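Here are the chains, one letter per residue:
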Amino acid sequence: MTDTNPQQNRAGFAAIIGAPNAGKSTLVNRLTGSKVSIVTQKVQTTRFPVRGIAIEGDAQIVLVDTPGIFTPKRRLDRAMVASAWGGAQDADVVVHLIDAASHIASEGKDGTGADRKSAEDTETIIANLKSTGTQVILVLNKIDGMRRDTLLALSHGLFETGVYSEVYMISALSGDGVDDLKSRLALGMPEGPWLYPEDQSADVPIRVLAAEITREKVYLRVHEELPYSAAVETTAFDEKADGSARIEQTIYVERESQRPIVLGKGGQTLKWIGQKSREELTELLDRPVHLFITVKVDPKWQDSRALYAQFGLDFNA
């Protein structure tokens, strides 16, 4: 029997690049309508490209939420930046997401060090895009409450760099303007069969996703006291005969002084982290979850090949 429907499906990859904290993970979560990437108030929370899957009409958009691009100093930094650029090079459409409020603030006397650092990272990205001749879609994020003339001036200045084909203004948090961007991404997908089942919203190994969920809880609870120096590894994931899942995880910190911060008085902080993580995993997996978390001090966890392999990062980047 021949297919009488002339409409051809589309499917492809859309990479979202940007400086740390531009709102990439929030945008991916908004486009897919589900929690694919962890979102915290810490910069650099996304350590590996997460493939979120969005549907728009006859198009399936596989969203690559890349780690923030910045000037790398450590081995982990280099691996993350290499991963981000790799995600962009392999995509059918590339979106450069910029925190508009932070970028404008960086040009005034009230701008913070973080604002200026974000603007510097954006300049680095633009220079790289220029050198590779990559044409990308410029998306100004966090436009809530901003004056339109200010936004137009910013978009005009950035467009003059010659690396952008078009501009969109959105608020990933509220959803303002996101539907228009989603429609544009759908048009950029090549014709072809869908790459994933219709009801799948992410392509992330469950062990990795479980580790990321727990790492989010760590940052939500101790983001003030704990600098960017913790990792979570899922060391065991077993399906039990009664249908439940038994998950073992290790939280790595770099110094002995950081271990009590994660544990908390009488173990209360770790208990909270475990409870919140277990609740989310139970909902995600739709079955009872038994979660066991230990905290280990390892000054060289950033040199662990196993952790890099877990997140699909290149140890030698």
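Every chain begins its residue count from 1, and numbering advances along the sequence as written. Side-chain atom pairs in this predicted model are given and counted only at pLDDT of 80 or more, local residue features only at pLDDT of at least 70, and totals for whole chains, interfaces and linings cover all residues. No hydrogens and no water enter the side-chain calculation; it runs on all heavy atoms of the structure.

### Observations concerning the overall build of the protein
- Looking only at helices and strands, the protein features ten helices and ten strands.
- Scored against the burial criterion, the 317 residues of the protein give a buried share of 50%.
- Of the roughly 15,000 Å² of accessible surface on the protein, a fraction of 49% belongs to carbon and sulfur atoms. Labels follow the DSSP assignment, with helices taken as runs of H or I lasting at least four residues and strands as runs of E lasting at least two, numbered in each case from the N terminus. For every residue, the accessible area obtained with a 1.4 Å probe (protein chains only) is divided by the maximum for its type, and the residue is called buried under 20%, exposed over 50%, and partly exposed between those limits. Methods summary: accessible areas were calculated by the Shrake-Rupley approach with a probe of 1.4 Å, and residue burial reflects only the protein chains presented.

### Focus on the packing of helix 1 (residues 24-32) against helix 6 (residues 178-187)
- Throughout, an axis means a line fitted to C-alpha atoms (over the contacting stretch in the case of helices), and angles, computed between N-to-C directions, take values from 0 to 180 degrees. Where helix 1 meets helix 6, the axes come as close as 11 Å, and the angle between the chain directions of the two elements is 80°. The angle between helix 1 and helix 6 falls in the class roughly perpendicular. Between helix 1 and helix 6, the contacting residues are Leu27, Arg30 and Leu31 on the first element and Val178, Leu181, Lys182 and Leu185 on the second.
- Each residue receives one of three labels: charged for Asp, Glu, Lys and Arg, nonpolar for Ala, Val, Leu, Ile, Met, Phe, Trp, Tyr, Cys and Pro, and polar for the others, Gly being one of them. Classifying every residue of the contact of helix 1 with helix 6 gives five nonpolar, no polar and two charged. Angles are sorted into four bins: roughly parallel if under 35 degrees, roughly antiparallel if over 145, roughly perpendicular if 65 to 115, and oblique for all others. Every residue pair with non-hydrogen atoms within 4.5 Å of one another is taken to be in contact.

### Description of unusual backbone geometry
- Located in the positive-phi region is Lys142, a residue other than glycine, with phi close to 60°.
- Overall, Lys142 belongs to the partly exposed group, its relative accessible area being 29%.

### Section: the pattern of salt bridges
- Take a side-chain nitrogen of Lys or Arg and a carboxyl oxygen of Asp or Glu: if they are within 4 Å of each other, that pair is a salt bridge. For the structure on display, the rule yields eight salt bridges.
- The partner of Glu216 in a salt bridge is Lys217, with the nearest N and O atoms 2.7 Å apart. Of the two residues, Glu216 and Lys217, both sit in the buried class.
- Its salt-bridge partner being Glu239, residue Arg287 comes within 2.2 Å of it at the nearest N-O pair. Taken together, the positions of Arg287 in the loop between helix 9 (268-285) and strand 10 (289-297) and Glu239 in strand 8 (residues 230-239) put the pair 48 residues apart, joining distant regions of the chain.
- Residues joined in a network through salt bridges with shared partners are Glu216, Lys217 and Glu280.

### A look at helix 1
- In terms of residue burial, helix 1 counts as a mostly covered element, since seven of its nine residues are buried.
- Within helix 1, the full set of buried residues consists of Lys24, Ser25, Leu27, Val28, Asn29, Leu31 and Thr32.
- Positive phi appears at Gly33, one or two residues downstream of helix 1, with a value of about 75°.

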